[in-house]
Amino acid sequence: FYLVFAILGVSLFKGAFYACDSSDSPNGPSTNATLSNESDCKDIGGEWKLISDSNFDNAFHALIALFQVSTLEGWTDVMFDAVDARGPGETQ
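Quick summary incoming for the structure in this document. (Residues numbered from 1 in each chain as written. Predicted model: local features only at pLDDT ≥ 70, side-chain atom pairs only at ≥ 80, totals over all residues. Heavy atoms only, no water.)

1. Brief notes about the side chain of D57
Then, number 1: For D57, the location among the structural elements is in the loop between β2 (47-50) and α3 (59-70).
Then, number 2: Polar contacts involving the side chain of D57 include one to the main-chain amide nitrogen of G15, which spans 2.8 Å.
Then, number 3: In this structure D57 touches V10, F13, K14, G15, Y18 and L50, once residues within four positions along its chain are discounted. (Helix = DSSP H or I, 4+ residues; strand = E, 2+ residues; numbered from the N terminus. Polar contact = N/O pair within 3.5 Å; in protein donor to acceptor, adjacent residues only side chain to side chain. Contact = heavy atoms within 4.5 Å.)

2. What to know about the packing of aromatic side chains
Then, number 1: Inspection of every chain in the model, using the stated rule, returns five aromatic pairs.
Then, number 2: When the ring of F13 is compared with that of F56, the centres are 5.7 Å apart and the planes differ by 40°; the resulting orientation is tilted. Of this pair, F13 sits in helix α1 (residues 2-13) while F56 sits in the loop between β2 and α3; the two residues are 43 residues apart in sequence, bridging distant segments of the chain.
Then, number 3: Residue F13 is classed as partly exposed on the basis of its relative accessible area, which comes to 26%.
Then, number 4: Overall, F56 belongs to the buried group, its relative accessible area being 7%.
Then, number 5: Taken together, the aromatic side chains of F1, Y2 and F5 make up a single cluster linked through ring pairs. (Phe/Tyr/Trp six-rings, centres within 6.5 Å; stacked < 30°, edge-to-face > 60°. Buried < 20%, exposed > 50% of the residue type's maximum accessible area, 1.4 Å probe, protein only.)

3. Observations concerning a nonpolar patch on the surface
Then, number 1: Where nonpolar side chains cluster on the molecular surface, the patch consists of F1, Y2, L3, V4, F5, I7, L8, L12 and L63 and spans about 960 Å² of accessible area.
Then, number 2: Ranked by residue count, the leading element in the nonpolar patch is α1, at seven residues.
Then, number 3: Within the secondary structure layout, L12 lies in helix α1.
Then, number 4: For L12, a relative accessible area of 58% puts it in the exposed group. (Patch = residues over 30% accessible without salt bridge, like charges linked within 9 Å, V, L, I, M, F, W, Y side chains within 5 Å. Areas by Shrake-Rupley, 256 points an atom, 1.4 Å probe, with all protein chains shown as cover. Salt bridge = Lys/Arg side-chain N within 4 Å of Asp/Glu carboxyl O.)

So, in structure tokens, the structure goes:
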């Protein structure tokens, strides 16, 4: 049962739980809210990286995320990451 939803989650959210980490940027740290795509992040010297422990990059991680949501332990973290998700190459 979970496997069907894990496959659906992978097809919808693969590569989408990434964000800009500009804390080590030579231009100084910047807020993640203004940097919503990889090219803008790299322009300021930031690193586009995975921000969440639970993600949908493969079926195994998707199953773990679905289990986390179904047990109601930390489900809000997964929900907020999904709301902020940007697919690869999406600008807004």
